[in-house]
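# Structural overview
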There are 2 protein chains.
Amino acid sequence: MLKAQRHSYIMEKLRAEQKVVTTDLAVDLDLSEDTVRRDLNELDRKKLLKKVYGGALLIKERSSNTFNVHISAEEKKEKIVIKALSLLHDDQVIIMSGGTTNLVFAKFIPEHLKLTIYTYSLPIAMQLSKLPNIELILIGGKMQKSAMVTIGIDVIQVLSKIRADICFIGASSINVKQGLTEVGYEVSVVKKAMIASSDKVVSMFTSNKLNTKMPHGVCELQELDTIVTELDPDDDRLEKYRKTGIKIL
Amino acid sequence: MLKAQRHSYIMEKLRAEQKVVTTDLAVDLDLSEDTVRRDLNELDRKKLLKKVYGGALLIKERSSNTFNVHISAEEKKEKIVIKALSLLHDDQVIIMSGGTTNLVFAKFIPEHLKLTIYTYSLPIAMQLSKLPNIELILIGGKMQKSAMVTIGIDVIQVLSKIRADICFIGASSINVKQGLTEVGYEVSVVKKAMIASSDKVVSMFTSNKLNTKMPHGVCELQELDTIVTELDPDDDRLEKYRKTGIKIL
DNA sequence: ATCAAAATTGCGGGAGTTTGCATTTTGTGT
DNA sequence: ACACAAAATGCAAACTCCCGCAATTTTGAT
């Protein structure tokens with residue numbers, strides 16, 4: 001593996017986990033710890049991370065005016081959202097949940113579409129602000145800082161008054177028995193409200209979310225109209241889901 | 001084989017595998033490594049790939065997952081907000097309007113302060129999300145895309161129910177006779193509501209806003225408790241404002 | 001067709017990089 | 001203060017790169 005690739009691997013892992021451990025990286029990359037240390041030192045010199053005893057930490061620059069959102073597996077997500085674009089038409093009212101898949105979706109919405117979009121995700125609202133033909137309503141509430149979304153009773157209240165054509169809902173986990181499930185209780189409640197206010201429910205997620213489970217239920221699989229993954233709709237891994245009669249893109 | 005053919009072979013392999021290795025390409029193409037290197041350097045010069053030690057990598061345009069806010073006269077604004085930090089104490093409830101001066105302020109709030117902050121500005125909410133001890137409430141509503149703030153009746157309604165210790169209010173324009181004035185009607189209404197809900201009103205702005213006027217009134221000078229500029233409080237340009245009895249930092 | 005200039009290629013060798021190991025130094029927790 | 005892990009240092013081997021040069025091919029003009 002090329003050194004430059006190692007550096008991107010390290011930075012990627014760092015962004016995902018906030019820290020990296022020298023010994024782990026040596027195993028991951030199948031290299032001596034010496035080399036890993038040299039890599040870390042080099043990246044430290046370039047101010048891309050902060051080397052500490054035992055590994056390295058993510059640098060958080062307080063000075064920059066840029067807000068960065070890290071998107072993992074971006075190519076897969078691009079494949080997903082391009083398929084989902086076919087669901088959009090002029091004059092629809094849409095609710096979008098948070099999550100990076102939906103953020104990629106926001107990036108791909110064509111400029112000419114005239115839509116009304118409700119969202120409670122800050123990055124998605126920022127992204128959609130670039131589109132002149134979108135009527136954009138940001139749903140306010142208490143900020144959940146880690147996910148950059150608002151949560152709580154205020155969000156539920158606003159959602160309950162909307163009548164939307166489609167909601168696009170990210171997924172933490174999905175399986176045939178329990179349907180959609182979430183890590184956080186508050187987010188699960190918000191998603192329930194989204195579903196209740198929408199005529200059609202679409203969930204987009206990467207295939208690694210398939211057949212996984214989280215503590216808080218959102219809805220049964222049957223309540224979803226369409227799911228979109230990066231897989232071919234005929235893929236074996238979707239077999240069980242096809243049998244439920246759900247639409248798969 | 002022609003050079004152009006080699007180049008397309010290299011680019012194709014690069015797109016397929018994200019990287020190419022000089023020695024592998026020399027074998028694939030049955031050429032000396034020197035020639036491969038020359039090819040790679042040439043493609044690098046044309047910005048079609050990124051040459052690295054040992055091979056080359058795909059150039060990936062950092063597709064904008066970054067949201068950038070341009071801040072003019074940032075040094076002046078830093079001077080202002082550092083003075084204003086003295087107004088903050090643990091357990092205060094604060095309302096912040098939009099504007100880049102307030103954004104700089106958000107960047108300078110110390111990590112240890114425990115505050116409850118209401119804002120209707122997306123960039124400010126993003127910035128404040130980095131602070132673990134802040135209870136952050138984003139006020140939702142229709143997005144005004146140009147300013148990255150929410151406006152409208154929803155914002156007013158939320159603001160009217162708050163009882164805040166201080167509000168930090170940006171200024172489009174200020175003069176002794178008319179007080180604070182705004183370009184947009186909607187923003188002027190929101191700012192009136194902010195003021196009505198706060199015990200103390202602080203306005204921060206750069207000195208170029210002094211003695212200017214906009215169409216929509218926000219409040220009389222007397223309604224402000226404190227103004228903060230980058231000037232020395234004894235500066236001649238603030239003479240008229242000092243006479244009104246307003247506090248100047 | 002002929003020739004010269006320009007471009008391309010491979011090679012030798014020197015310079016520069018990278019890597020793992022041995023050794024020494026430094027840092028951490030008990 | 002101690003033991004032990006992590007890091008820095010020095011070093012040699014292997015690898016990669018670049019320069020100049022000569023051989024070869026291509027190009028373009030006569």
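Residues numbered from 1 in each chain as written. Chains lettered and ligands numbered in written order. Predicted model: local features only at pLDDT ≥ 70, side-chain atom pairs only at ≥ 80, totals over all residues. Heavy atoms only, no water.

The name given to chain A in an unreviewed UniProt entry is DeoR/GlpR transcriptional regulator, with Gelidibacter gilvus as the source organism.

### Structural notes on the packing of helix 1 (residues 3-17) of chain A against helix 3 (residues 33-45) of chain A
All names here are of chain A. Axis separation between helix 1 and helix 3 bottoms out at 11 Å; the angle between their running directions is 75°. Considering their axes alone, helix 1 and helix 3 lie roughly perpendicular with respect to each other. When helix 1 is examined against helix 3, the residues K3, R6, H7, I10 and M11 are found in contact with a partner set consisting of T35, D39, L40, E42 and L43. Broken down by class, the residue content of the contact of helix 1 with helix 3 amounts to four nonpolar, two polar and four charged. (Axes fitted to C-alpha atoms, helices over the stretch in contact; angles between N-to-C directions. Helix = DSSP H or I, 4+ residues; strand = E, 2+ residues; numbered from the N terminus. Parallel < 35°, antiparallel > 145°, perpendicular 65-115°, else oblique. Contact = heavy atoms within 4.5 Å. Nonpolar A, V, L, I, M, F, W, Y, C, P; charged D, E, K, R; others polar.)

### A closer look at helix 4 (residues 74-84) of chain B
Residues and elements named next belong to chain B. For helix 4, the complete set of buried residues consists of E74, K77, I80, V81 and A84. Down the axis of helix 4, the sector holding all buried residues measures 115°, keeping them to one side. Summarising the geometry of helix 4, the exposed residues directed more than 90 degrees from the buried face are E75 and K79. Check the buried side of helix 4 and you find it contacts helix 5 (100-108), strand 13 (198-204) and strand 15 (226-228). (Buried < 20%, exposed > 50% of the residue type's maximum accessible area, 1.4 Å probe, protein only. Arc of directions from axis to C-beta.)

### Points about the domain arrangement of chain A
Partitioning chain A into domains gives domain 1 (3-58) and domain 2 (74-248). The centre of domain 1 of chain A, based on its C-alpha atoms, is set 34 Å off from the matching centre of domain 2 of chain A. (Domains from an automatic or database assignment.)

### Re the nonpolar core
Among soluble globular proteins, nonpolar side chains are generally buried collectively. Counting residues in hydrophobic clusters, the biggest one holds 68 residues, and the most contacted among them are F168 of chain A together with F168 of chain B. Those residues within four positions of F168 of chain B in sequence are excluded, and the remaining contacts are L87, L88, I94, I95, M96, S97, N102, F105, M194, V202 and M204 of chain B. Listed in part, the 35 residues of the second largest apolar core include I139, L180, V201 and L224 of chain B. (Core = buried A, V, L, I, M, F, W, Y, C linked by side-chain atoms within 4.5 Å.)

### Considerations on the packing of aromatic side chains
Residues and elements named next belong to chain A. Applying the stated criterion to the full structure yields two aromatic pairs over all chains. On the basis of an interplanar angle of 50° and a centroid distance of 4.6 Å, the ring pair of F105 and F168 is categorised as tilted. With F105 in helix 5 (residues 100-108) and F168 in strand 10 (residues 164-170), this pair connects stretches of sequence that are 63 residues apart. Looking at F105, the relative accessible area reads 1%, which means it is buried. Owing to a relative accessible area of 0%, F168 belongs among the buried residues under this scheme. (Phe/Tyr/Trp six-rings, centres within 6.5 Å; stacked < 30°, edge-to-face > 60°.)

### Some words on the protein's contact with DNA strand C
Looking at DNA strand C, there are 16 residues lining it, with R6, T35 and R38 of chain A together with R6 and T35 of chain B nearest. Here a phosphate oxygen of DNA strand C sits 2.8 Å away from a polar atom, N or O, in the side chain of K3 of chain A. A distance of 2.3 Å is found between a phosphate oxygen of DNA strand C and a side-chain nitrogen or oxygen belonging to T35 of chain A. Its residues assigned to classes, the surface near DNA strand C comprises four nonpolar, four polar and eight charged. (Near = heavy atom within 4 Å. Polar contact = N/O pair within 3.5 Å; in protein donor to acceptor, adjacent residues only side chain to side chain.)

### Section: the interface of chain B and chain A
Taken together, the contact between chain B and chain A spans 45 residues of the former and 40 residues of the latter. Both sides together, the interface formed by chain B and chain A hides about 3,600 Å², and carbon and sulfur atoms give 57% of it. Of all residues in chain B, F67, M126 and K145 of chain B bury the most surface against chain A, accounting for 22% of the area lost on that side. We note a salt bridge from E135 of chain B to K142 of chain A, for which the minimum N-O separation is 3.6 Å. (Buried area = accessible area lost by both parts, 1.4 Å probe. Salt bridge = Lys/Arg side-chain N within 4 Å of Asp/Glu carboxyl O.)

### Notes on the protein's contact with DNA strand D
Neighbouring DNA strand D are 19 residues, the closest being R37, Y53 and G54 of chain A together with R37 and G54 of chain B. By atom count, sugar and phosphate contribute 69% of the portion of DNA strand D lying within 4 Å of the protein. Between DNA strand D and K51 of chain A there is a distance of 3.1 Å, counted from a phosphate oxygen to a side-chain nitrogen or oxygen. The side chain of T22 of chain B places a nitrogen or oxygen atom 3.5 Å from a phosphate oxygen of DNA strand D. Of all elements in the fold, only helix 3 and strand 2 (49-52) of chain A together with helix 2 (22-29), helix 3 (33-45) and strand 2 (49-52) of chain B reach the threshold of two or more residues within the surface near DNA strand D.

### Some points on the environment of I162 of chain B
Residues and elements named next belong to chain B. As for its placement among the helices and strands, I162 is situated in the loop between helix 7 (153-160) and strand 10 (164-170). What makes I162 buried here is its relative accessible area of 7%. Considering only alpha carbons, one finds I162 and G141, 21 residues apart in sequence, at a separation of 16 Å. I162 has contacts with V93, I95, Y118, I139 and S197, leaving out every residue within four places of it along the chain.

### A look at the UniProt feature "domain: HTH deoR-type" (unreviewed entry) in chain A
Mapped onto this structure's residue numbering, the UniProt feature "domain: HTH deoR-type" (unreviewed entry) falls at residues 3-58 of chain A. Secondary structure content for residues 3-58 of chain A is 64% helix and 20% strand, while the C-alpha to C-alpha distance between its ends is 20 Å. (UniProt positions renumbered as here; feature names shortened; annotations may be inferred.)

### Some thoughts on unusual backbone geometry
Of note, A73 of chain A is a non-glycine position whose phi angle comes to about 50°, a positive value. Structurally, the position occupied by A73 of chain A is in the loop between strand 4 (66-68) and helix 4 (74-84).

### Points about the sheet that holds strand 16 (residues 247-248) of chain B
Strand order in the open sheet formed by nine strands is 9(A)-8(A)-7(B)-6(B)-5(B)-10(B)-13(B)-15(B)-16(B), and the pairing between neighbours is mixed. Two strands close off the open sheet at either side, each with one partner strand: strand 9 (149-151) of chain A together with strand 16 of chain B. By the bridge criterion, three bridges tie strand 5 (residues 93-96) of chain B to strand 10 of chain B in an arrangement that is parallel. Directly across from I94 of chain B, in strand 10 of chain B, lies its bridge partner I166 of chain B. (Pairing = 2+ DSSP bridges.)

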